[in-house]
Amino acid sequence: MVPSHEELRAQLAELIAIPSVSADPAHAGDVERAAAWVVDMIRGAGGTADVVPWNGGLPLVIGEVPASERPESAPTVFCYAHFDVQPPDPLELWETPPFELTHRDGRLYARGVADDKGNLFVLVEAVRQLAAAGELPVNVRFGFDGEEEVGGDSIVQWVEQDERGADVALILDGAMARRGQPVFYVGVRGMLYFHLRLRTGTSDMHSGMFGAAALNAGHALMTALASVLPRADGHVPDELRAGVTPPSDEELSAWAQLPPGTEQLSHYGAVPIAPGATDEFYLRTFADTSLDVNGFASGSPDLVKTVLPVEARANVSIRLAPGQDPDEIRHAFERMVREATPEGAELEIAVRNSARPALTPTDAPAIRLAGDAFEHVIGARPLLVRSGGTLPIYAGLVSRGLPTLATGFGIESECNVHAPN
């Protein structure tokens, strides 16, 4: 029997009501409660599931529902979602309680309903209904975590060590481009995150007594970073773009149907990095390398204090396009920065984070089959896009040889993800 919308909404409300805020240690028990709830749901779908502690991190839920017929020879789909949520603050901006599922104006409101409990619920319930009808054509393996919102990598480690594998992977943690228009994310960018520390002496000095004679650490670090910053056209130097895989014609056609770059930038009041950058918005953010100085500190940026600083620090991130090798780009970055560092300055470079980019070919049979299914149900074929961000679980699955796609059912422009309401 297929539950009514009201019955399904009541079930989802139970999961929503658990304040599984992974960033707050006070809610560690709630994250565990959410894990147990998800385990019960998978078992209720006719499968097996357990809460799996992993290397001291927050719990994983690992489960499986077998195919209705001949599971020993049926294909296997690995499915990922997460049951932790962002903190609800600031509470005063919520129109209704954040952990109370509320139906208003044709939408459901609550913390986590779009990211990602709603998607998780839809996924398991769809499997349950197919299994109950004896029509589940594939084995479905679930790997859900409770630390996605704090950048935990337990599920990535689990995937790396998993001995069984699967034939294809589905990540249900995303959104639709607009109402009635689903998207499939078939690629993600990688990441290199550096911390730089440069010293030019032992103590800050009087800028009047030593200016134009002693090396200023802030100037020296800016000079070093200038070697890798985007050029006049907004692109980083070619050495940092090595290995980029260009998009397919099918991808370019899909990206042309997304909101224009001018609209994306104007939403945040942003200024284009270079002439023509808005016309190439998706090419630049989906399929090219970017570098940003995320923070810079030296001397006294706020108070009137005429010192000549001898220490400067900066955080720098590079988003790697599919096809790029993190080690190759790291070596190029370090070489370029060191070569541009003024003589006498001492530069330390530490890599704080590294993640590989990944891409699933758009002509993969799994992508075609999934696109057919979405088009049949929703009435529109999914647009094949990439994510400008970094998703380690995606890259981990691709590295295991699994054609992987990420998608979801919220509306990107309406979800207010990570914000009130």
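Residues numbered from 1 in each chain as written. Predicted model: local features only at pLDDT ≥ 70, side-chain atom pairs only at ≥ 80, totals over all residues. Heavy atoms only, no water.

Caption draft 1: Region of the structure containing the pattern of salt bridges. Tallied over the entire structure, the rule returns 21 salt bridges. Put simply, Glu414 and Arg107 hold a salt bridge, and the shortest N to O gap is 3.2 Å. Of this pair, Glu414 sits in the segment after β19 (410-411) while Arg107 sits in strand β5 (residues 107-109), and the two are 307 residues apart along the sequence. Taking the relative accessible area as the measure of exposure, Glu414 reaches 30% and is therefore partly exposed. (Salt bridge = Lys/Arg side-chain N within 4 Å of Asp/Glu carboxyl O. Helix = DSSP H or I, 4+ residues; strand = E, 2+ residues; numbered from the N terminus. Buried < 20%, exposed > 50% of the residue type's maximum accessible area, 1.4 Å probe, protein only.)

Caption draft 2: Region of interest: the sheet that holds strand β12 (residues 290-298). Ordered by their spatial adjacency, four strands build an open sheet running β12-β14-β10-β15, and the pairing between neighbours is antiparallel. Each of the sheet's edge strands pairs with one partner strand only, and the pair in question is β12 and β15 (346-355). Strand-to-strand twist across the sheet, computed as the mean angle between neighbouring axes with direction ignored, equals 15°. Here helix α6 (residues 217-226) sits on the sheet in contact with β10 (190-199), β12, β14 (311-320) and β15, set at roughly 20° to β14. (Pairing = 2+ DSSP bridges. Axes fitted to C-alpha atoms, helices over the stretch in contact; angles between N-to-C directions. Contact = heavy atoms within 4.5 Å.)

Caption draft 3: Structural detail: the packing of helix α4 (residues 154-161) against helix α12 (residues 392-399). The interhelical angle for the contact between α4 and α12, taken along N-to-C directions, is 5°, at an axis separation of 9 Å. Taken together, α4 and α12 sit at an angle that is classed as roughly parallel. Of α12, the residues touching α4 (which contributes Ile155, Val156 and Val159) are Pro392, Ile393, Gly396 and Leu397. Looking at the contact of α4 with α12, its residues break down into six nonpolar, one polar and no charged. (Parallel < 35°, antiparallel > 145°, perpendicular 65-115°, else oblique. Nonpolar A, V, L, I, M, F, W, Y, C, P; charged D, E, K, R; others polar.)

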